[in-house]
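Descriptive analysis of the structure
As a plain string of letters, each chain reads:
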Amino acid sequence: MRTFYIFKIKEEYVSLTKNNPYHLFKMLSYIYKLDVKDLSVGVELFNKITENFNPKEMDINLFKNYRENYFYTKFKNVHQINNAFKREETKLTIRKKFLLLESTVVHPIFLNDLAKYKNLFFCDFKNIDYFWLDKLFV
């Protein structure tokens, strides 16, 4: 199972890191691995790099798109697809500062909905994997 943290990056950082996302990943990885005593510095840096999501709007849009899907479930801000036929188990948790996507497949169904949003940067800190979502759909 892969776990991706999804961040909405501010426009000025997008223009700086679009062609070389390694530096953005290193900054976010640094914040992710910070010790508790350095947390205030990490929060300040994180807020400079990222924008907030609108969790309520995103939650409603996902629910409207998938409420008829037999394999879809929702509880609070967690949306899940459990499709035994495609062997897909995907969970998308919506938060104000980031999204958390956990999936057993390479191309989870929620990526199609997330592609509507601009400047989304995916990070898998455990497997050292990162990408811009719009580069995936080129």
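Scope of this entry: the structure provided in the associated data block. The shown structure was predicted, so the numbers you read here are calculated from the model rather than taken from an experiment. (Residues numbered from 1 in each chain as written. Predicted model: local features only at pLDDT ≥ 70, side-chain atom pairs only at ≥ 80, totals over all residues. Heavy atoms only, no water.)

**Details of the pattern of salt bridges**
Counting across every chain of the model gives eight salt bridges. Lysine 18 is paired through a salt bridge with aspartate 134; the nearest N and O atoms lie 2.7 Å apart. Of this pair, lysine 18 sits in the loop between helix H1 (11-17) and helix H2 (22-32) while aspartate 134 sits in helix H6 (residues 133-136), placing them 116 residues apart in sequence. The exposure class of lysine 18 is buried, given its relative accessible area of 18%. With its nearest N and O atoms 3.2 Å apart, the salt bridge here joins aspartate 59 to lysine 74. Residue aspartate 59 is located in helix H4 (residues 55-66), and its partner lysine 74 is located in strand E3 (residues 72-75); the two are separated by 15 residues in the primary sequence. Given the relative accessible area of 15%, aspartate 59 is considered buried. Through salt bridges with shared partners, a single ionic network connects Arg2, Asp124 and Asp129. (Salt bridge = Lys/Arg side-chain N within 4 Å of Asp/Glu carboxyl O. Helix = DSSP H or I, 4+ residues; strand = E, 2+ residues; numbered from the N terminus. Buried < 20%, exposed > 50% of the residue type's maximum accessible area, 1.4 Å probe, protein only.)

**Details of H4**
Between its first and last C-alpha atoms H4 spans 16 Å; for twelve residues at 1.5 Å apiece the expected length is 16 Å, and the two agree. Considered for burial, the residues of H4 that qualify are Met58, Asp59, Leu62 and Tyr66. The buried side chains of H4 occupy one side of the element, clustering within an arc of 100 degrees when seen end-on. (Expected span 1.5 Å × (residues − 1). Arc of directions from axis to C-beta.)

**Concerning the pairing of strand E4 (residues 78-83)**
Two elements, E3 and E4, share four bridges in a ladder whose sense is antiparallel. In the sheet register, phenylalanine 75 faces E4, and the bridge partner there is valine 78. The antiparallel hairpin formed by E3 and E4 contains two residues in its connecting segment, where lysine 76 sits at a positive phi of about 55 degrees. Here E4 runs beside strand E5 (residues 88-94); their pairing, made up of six bridges, is antiparallel. Following the sheet pairing, histidine 79 is matched in E5 by leucine 92. Count of turn residues in the E4/E5 antiparallel hairpin: four residues, of which arginine 87 carries a positive phi of about 55 degrees. (Pairing = 2+ DSSP bridges.)

**Re the nonpolar core**
Among the nonpolar cores identified, the biggest contains 19 residues, and Ile6, Leu92, Leu99, Leu101, Phe110, Leu114 and Phe122 are the most heavily contacted of them. Among the elements of the structure, strand E1 (2-9), H4, E5, strand E6 (99-103), helix H5 (111-114) and strand E7 (120-124) are those that each provide at least two residues to this core. Dropping the residues within four chain positions of it, leucine 92 is found in contact with Ile6, Leu62, Asn77, Val78, His79, Leu99, Leu100, Leu101, Phe110 and Leu114. Core analysis: the next-biggest nonpolar cluster, separate from the first, contains 16 residues, Phe7, Phe25, Cys123 and Phe125 among them. (Core = buried A, V, L, I, M, F, W, Y, C linked by side-chain atoms within 4.5 Å. Contact = heavy atoms within 4.5 Å.)

**Concerning the layout of surface pockets**
The space that makes up the largest pocket amounts to roughly 220 Å³. Around the largest pocket, the lining residues are Tyr5, Phe7, Leu28, Ile31, Tyr32, Leu34, Leu39, Gly42, Val43, Phe46, Phe98 and Phe125. Broken down by element, the lining of the largest pocket gets its largest block of residues, four residues, from helix H3 (residues 39-49). Per-class residue counts for the lining of the largest pocket are eleven nonpolar, one polar and no charged. Estimated volume of the second largest pocket: approximately 160 Å³. At the level of secondary structure, the elements contributing two or more residues to the lining of the second largest pocket comprise E1, E6 and strand E8 (129-132). Tallied by class, residues from the lining of the second largest pocket come to nine nonpolar, one polar and two charged. (1 Å grid on protein atoms, 1.4 Å probe; cavity = no way out; pocket = protein on both sides within 12 Å on 5 of 7 lines; lining within 4 Å. Points joined across faces, edges and corners; volume = space filled by probe spheres on them. Nonpolar A, V, L, I, M, F, W, Y, C, P; charged D, E, K, R; others polar.)

Structural measurements only, silent on function.
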